[in-house]
Amino acid sequence: MKTFILLAAVAGCGKSTWANNFKKDHPNTFIVSSDELRKELGGDYQNFDHEKEVWELFFSRIEGYAKEYEDVTVIADSTNVFNKYRLYYGKNIKGFDKKVLLILKKNIDELLKQNLSRDKEKIVPEEVIHNMYRDFEEPSQE
């Protein structure tokens, strides 16, 4: 079976931790992370100069794993705080038998505390976390 898991959560909520823990117990699992692609393409997790390439590569790697493996789980590790992005991936990602949306939530104080416990290069500005928290959309029926 080919399973696609789309993570959705505010920065600092534990998406990458969840994905890495899931991968430990589930063979043939691949994580495609927008942060890791930013680092790969621009040398820094906070480098947003190559966003077009980041998202093209994000999409192509997800589908590439589905094409390459008969039995695979691919986790899309990105904030996906808006329904329009969740719907986009749900409708446009091809090659999977099952698609799962996993929402992770924490209160704002936990998010800010967890953010500060990250590696220095991965810390997100507090204002960005506050904005994501305020703007986070609950999943729509679609």
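Definitions and limits used
Residues numbered from 1 in each chain as written. Predicted model: local features only at pLDDT ≥ 70, side-chain atom pairs only at ≥ 80, totals over all residues. Heavy atoms only, no water. Salt bridge = Lys/Arg side-chain N within 4 Å of Asp/Glu carboxyl O. Helix = DSSP H or I, 4+ residues; strand = E, 2+ residues; numbered from the N terminus. Buried < 20%, exposed > 50% of the residue type's maximum accessible area, 1.4 Å probe, protein only. 1 Å grid on protein atoms, 1.4 Å probe; cavity = no way out; pocket = protein on both sides within 12 Å on 5 of 7 lines; lining within 4 Å. Points joined across faces, edges and corners; volume = space filled by probe spheres on them. Nonpolar A, V, L, I, M, F, W, Y, C, P; charged D, E, K, R; others polar. Pairing = 2+ DSSP bridges. Axes fitted to C-alpha atoms, helices over the stretch in contact; angles between N-to-C directions. Contact = heavy atoms within 4.5 Å.

(A) Spotlight on the pattern of salt bridges. Under the criterion given, the structure shown has eight salt bridges. The shortest N-O distance in the salt bridge between Lys105 and Glu138 comes to 2.4 Å. Here Glu138 lies in the segment after helix H6 (126–135) and Lys105 lies in the loop between strand E4 (98–103) and helix H5 (108–116), a separation of 33 residues in the sequence. For Glu138, a relative accessible area of 46% corresponds to the partly exposed category. Salt bridges sharing common partners tie together Asp35, Arg38 and Glu51.

(B) Structural detail: unusual backbone geometry. A positive phi angle, close to 60 degrees, is found at Asn28, a residue other than glycine. Within the secondary structure layout, Asn28 lies in the loop between helix H1 (15–25) and strand E2 (29–33). For Asn80, which is not glycine, the phi dihedral falls at a positive 45 degrees. In this fold, Asn80 is placed in the loop between strand E3 (72–77) and helix H4 (83–92). Its relative accessible area of 4% is what places Asn80 among the buried residues.

(C) Just the layout of surface pockets, in detail. Taken as a whole, the largest pocket encloses approximately 1,000 Å³ of empty space. Taken together, 40 residues line the largest pocket, and the ones lying closest to its centre are Ser34, Asp35, Arg38, Ser78 and Thr79. Elements represented by at least two residues in the lining of the largest pocket include exactly H1, E2, helix H2 (34–42), helix H3 (51–68), H4 and H6. The leading source of residues in the lining of the largest pocket is H1, at five residues. For the lining of the largest pocket, the residue count by class is 16 nonpolar, 14 polar and ten charged. Its boundaries defined by the atoms lining it, the second largest pocket holds a volume of some 240 Å³. In terms of lining residues, the second largest pocket is bounded by 13 residues, among which Arg86, Leu87, Gly90, Leu101 and Glu142 are the most central. Of all the elements in the fold, those that place two or more residues in the lining of the second largest pocket are strand E1 (2–8), H4 and E4. Ranked by residues supplied to the lining of the second largest pocket, first place goes to H4 with five residues.

(D) Structural detail: the sheet that holds E4. Taken in spatial order, the four strands of this open sheet run E2-E3-E1-E4, and their pairing is parallel. Of all strands in the sheet, those bounded by a partner on one side alone are E2 and E4. Put simply, the sheet's adjacent strands are angled 20 degrees from each other on average, direction ignored. Of the pairings in the sheet, the one linking E1 to E4 comprises six bridges and is parallel in character. Residue pairing for E4: Ala8 is matched across the bridge by Ile103. Sheet contacts for H2: E2 and E3; angle to E2, the most-contacted strand, approximately 65 degrees.

Keep in mind that these numbers describe shape and distance, not what the molecule does.
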